[in-house]
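# What the coordinates show
Single-letter residue listing:
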Amino acid sequence: MSEGRFKISIVGGGSLGHVIAGYLAAKSWIDVTVVTRDVSSWGDVIEVTDLSGKVFAGHLCRVTDSYRVACDADMVLLCLPGFAIADVLTQLAPHVTASNTIGSVVSSTGFFIYAHRLLPSKTALFGFQRVPFIARVDTYGHSARLLGYKNALNVAVEQCEGAELTALLSRLFDLPVNVLANFYEASLTNSNPLLHPARLFTMWRGYNDGDTYMRCPEFYSEWTDEASSCYINMDKEFQSLLTVLPVTTGAIPDVLTYYESCDVPSLTAKLRSISAFKGIMAPMKKCGGGFVPDFTSRYFTEDFPHGMGLILQVASEHGIDTPLIQHVYQWGMSKLQR
């Protein structure tokens, strides 16, 4: 920290980058820098509004596209899609010093694996098991919506003092923070990398070129039992993988436990009822008088090659059979490779 102020660089200008930048900039003791390719679209102030109408607003210290400037901070927090993490870490690496702590708000797309390979060997690292907020951009570079909070944060920590870092993260995000046993517990997740593909696969596995749909459904509010069944069965394969890894029992709960459900219908009802998910539409685009799937959406470009891909890589390394995950993955990748 410099002159009593904590300096943090938020790398990435997506929804989470907006909300975390605004939430932290509203704290009087923090200097927030945003690192983004689209510098000209950002204002000096970022305003975040939650579902209750509470507003978090603060002045940004700077907005830049410089990774050297990013590493002037005490902490660098990546808020990036999976496909961007390796490239950004490569560009950060020459500027990383012993005073930097490098973290990722999303760890399930290979952050720790890339960081081990690309950053200096003793770099202090951390990664969240699940994102701290549900976020949406309102006006790019100026305002965003905080659609949901977590009750606590689970974080994997490497090469730094865990108690000190978790105390800091708790102060930053106003939540209790638990330290995970190892990076696997943050890197592997049955959240988005299985949740999103289960819905996409069961909606569109019969899609053929030229097909159109009369309407675009809501992604969660119209969730189906078929998607729940697919999700639960992929999670069973995922849980089999966890049994051969140094993962603490219960650190990554099965989906029924996590969503306080007991079977397919109750999971469907739960996912349909989550208020923060209301109004999120399926990734589709208009085509003539109807709609077609948008295979360029991050639901495809993020969750299949990076989220599911990481699970399958680790499963292969440990000889764990995951036929359903593999089948859904191959379907999704076939759509990406069109």
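Residues numbered from 1 in each chain as written. Predicted model: local features only at pLDDT ≥ 70, side-chain atom pairs only at ≥ 80, totals over all residues. Heavy atoms only, no water.

## Description of the overall build of the chain
Just so we agree on the cut-off: Numbering of helices and strands runs from the N terminus; a helix is a DSSP stretch of H or I covering at least four residues, while a strand is a stretch of E covering at least two. We call a residue buried when its accessible area falls under 20% of the maximum for its residue type, exposed when it is over 50%, and partly exposed in between, using a 1.4 Å probe and counting protein chains only. Only heavy atoms matter for contacts: two residues are in contact if any of them lie within 4.5 Å across the pair.
In terms of helices and strands, the chain carries 13 helices and 14 strands. Seen through its principal axes, the chain has C-alpha atoms that stretch 60 × 50 × 35 Å. Scored against the burial criterion, the 338 residues of the chain give a buried share of 56%. The long-range share in the chain, meaning contacts at least 24 apart out of those at least 6 apart in sequence, stands at 73%.

## Looking at the nonpolar core
Cut-off, in case you're wondering: The nonpolar core is taken to be a set of buried Ala, Val, Leu, Ile, Met, Phe, Trp, Tyr and Cys residues, with the residues joined through side-chain atoms within 4.5 Å.
Formed by 81 residues in total, the largest nonpolar core has its most connected members in L78, L89, L92 and L188. Sort the elements by how many residues they give to this core and helix α8 (residues 225-242) lands first, with 8 residues. Ignoring any residue separated from it by four or fewer positions in sequence, one finds L89 in contact with L78, I102, F111, Y114, A115, L118 and L119. Judged by nonpolar contacts, the second largest core, of 39 residues, contains I20, M75, L77 and L165.

## A few points about the sheet that holds strand β4 (residues 55-59)
The test is simple: Strand pairing requires that DSSP identify at least two bridges connecting the strands. Orientation is described by lines fitted to C-alpha atoms, with helices fitted over the stretch in contact, and by angles between N-to-C directions that extend from 0 to 180 degrees.
The 4 strands lie next to each other as β4-β3-β10-β9, forming an open sheet whose pairing is mixed. Unpaired on one side and paired on the other, β4 and β9 (133-139) mark the two borders of the sheet. Neighbouring strand axes in the sheet, compared pairwise and without regard to direction, differ in orientation by 20° on average. Relative to strand β10 (residues 143-149), β9 is paired through 6 bridges, and the arrangement is antiparallel. Bridging across to β10, I134 finds its partner in G148. Of the strands in this sheet, β3 (45-50), β4, β9 and β10 touch helix α1 (residues 15-25), which is tilted by about 95° from β9.

## A look at the pairing of strand β11 (residues 153-158)
A regular strand carries its side chains on alternate faces of the sheet. Note the cut-off: Consider the strands pointing away from the viewer: the crossover is right-handed when the path from the first strand over the helix to the second runs clockwise.
With 5 of 6 residues buried, β11 lies mostly within the body of the structure. In terms of strand pairing, strand β8 (residues 124-128) meets β11 through 4 bridges, oriented antiparallel. Opposite F128, over in β11, you have V155 as the bridge partner. Each parallel crossover has a hand, and for β11 linked through helix α5 (residues 162-173) to strand β12 (residues 177-179) it is right-handed.

## Section: the side chain of H306
Applicable threshold: Polar contact criterion, stated in full: a pair of N or O atoms within 3.5 Å, where within protein one must be able to donate a hydrogen and the other to accept it, and residues adjacent in sequence count only if both atoms are side-chain atoms.
Checked against the element boundaries, H306 lands in helix α12 (residues 303-317). Judged by relative accessible area, H306 falls into the buried class, the value being 16%. Within the structure, the side chain of H306 is placed 3.4 Å from the backbone nitrogen of F83, a separation counted as a polar contact. Setting aside chain neighbours within four positions, we find H306 in contact with G82, F83, S108, T109 and T301.

## Section: the pairing of strand β13 (residues 284-287)
Inspection of the sheet shows β13 paired to strand β14 (residues 290-293) by 4 bridges, in the antiparallel sense. For K286, the partnering residue across the bridge sits in β14 and is F291. A loop of 2 residues connects β13 with β14, the two strands running antiparallel in sequence, and G288 in this loop sits at a positive phi of about 60°.

## Quick notes on the sheet that holds strand β1 (residues 6-11)
The strand order across the open sheet formed by 8 strands is β5-β2-β1-β6-β7-β8-β11-β12, and the pairing between neighbours is mixed. The open sheet has two edge strands, β5 (62-64) and β12, and neither has a second partner. In this sheet, neighbouring strand axes are inclined to one another by 25° on average, regardless of whether the strands run parallel or antiparallel. Pairing of β1 with strand β2 (residues 30-35), which is carried by 6 bridges, proceeds in the parallel orientation.

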